[in-house]
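Coordinate analysis (summary)
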Amino acid sequence: MATVTELKAVLKDTLEKRGVLGHLRARIRAEVFSALDDESEPPPPLSHENLLINELIREYLEFNKYKYTASVLMAESGQPVVPLDRQFLIRELNAFEESKDDSIPLLYRILAHLLHGTKEDVPNTFLKGSSLQPSDPELGRQPSGRKKMGEKTATKFW
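Structure report, in brief. (Residues numbered from 1 in each chain as written. Predicted model: local features only at pLDDT ≥ 70, side-chain atom pairs only at ≥ 80, totals over all residues. Heavy atoms only, no water.)

Burial in helix α6 (residues 106-116) covers these residues: Leu106, Tyr108, Arg109, Ile110, Ala112 and His113. Positive phi shows up at Gly117, right after α6, with a value of about 65 degrees. (Buried < 20%, exposed > 50% of the residue type's maximum accessible area, 1.4 Å probe, protein only. Helix = DSSP H or I, 4+ residues; strand = E, 2+ residues; numbered from the N terminus.)

Next comes the structure, spelled out in structure tokens:
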């Protein structure tokens, strides 16, 4: 007969293999945060930049089905519950989108541009796990000519 310890180990392994354990942990964290959150104290006002950044992150989290992480972001940041219009984001980022495929988060397109300098084949680039590995060993090093925070550039992201 199996011991309680062995049963716990088998149960834990089964839940991990099914992906349930991670969801349960995330749900518990979200519920604990919600219980501890003081709703009488409003979140600090959002700057325009934080509003845009939070929206890019929200789009990424929802695309990847990180719904509990997204709910914590929304609660902590004070981001509007209704997502910002994608075309509004594109205009505010001074970018353009050639593809009509808006199923890929803008954050992936920005990253593709920064990594590859291209706007082509973004869906295929970021939906493969191996593409996120640097192809150039120099990519991990600190760039020497990096712009200081606040310097403006006229880079289009895609």
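Turning next to the pattern of salt bridges. Evaluated as defined, the whole model comprises three salt bridges. Between Glu55 and Arg58 there is a salt bridge whose closest N-O contact spans 2.9 Å. You can see Glu55 and its partner Arg58 sitting in helix α3 (residues 48-63), three residues apart, about one turn around the helix. (Salt bridge = Lys/Arg side-chain N within 4 Å of Asp/Glu carboxyl O.)

Quick look at the packing of aromatic side chains now. Overall, the coordinates contain three aromatic pairs when judged by the stated rule. Measuring from centroid to centroid gives 6.1 Å for Tyr60 and Tyr66, while their planes differ by 65 degrees, and the two rings are edge-to-face. When its relative accessible area of 27% is taken as the criterion, Tyr60 is described as partly exposed. Ring centres of Phe63 and Tyr108 lie 5.7 Å apart, and the angle between their planes is 70 degrees; this geometry places the pair in the edge-to-face category. Taken together, the residues Phe63 in helix α3 and Tyr108 in helix α6 connect sequence positions 45 residues apart. Taken together, the aromatic side chains of Tyr60, Phe63, Tyr66 and Tyr108 make up a single cluster linked through ring pairs. (Phe/Tyr/Trp six-rings, centres within 6.5 Å; stacked < 30°, edge-to-face > 60°.)

On to the packing of α3 against helix α4 (residues 67-77). Describing two packed helices takes the angle between their axes plus the distance from one axis to the other. Relative to each other, α3 and α4 sit at 160 degrees, their axes nearing to 9 Å. As the angle between them shows, α3 and α4 are arranged roughly antiparallel. Our pair here, α3 against α4, has a crossing hand that is left-handed. Contacts from Asn54, Ile57, Arg58, Leu61 and Glu62 in α3 reach Thr69, Ala70, Leu73, Met74 and Ser77 in α4. Looking at the contact of α3 with α4 residue by residue, the class counts come to five nonpolar, three polar and two charged. (Axes fitted to C-alpha atoms, helices over the stretch in contact; angles between N-to-C directions. Parallel < 35°, antiparallel > 145°, perpendicular 65-115°, else oblique. Left-handed = near helix turned anticlockwise from the far one by under 90°. Contact = heavy atoms within 4.5 Å. Nonpolar A, V, L, I, M, F, W, Y, C, P; charged D, E, K, R; others polar.)

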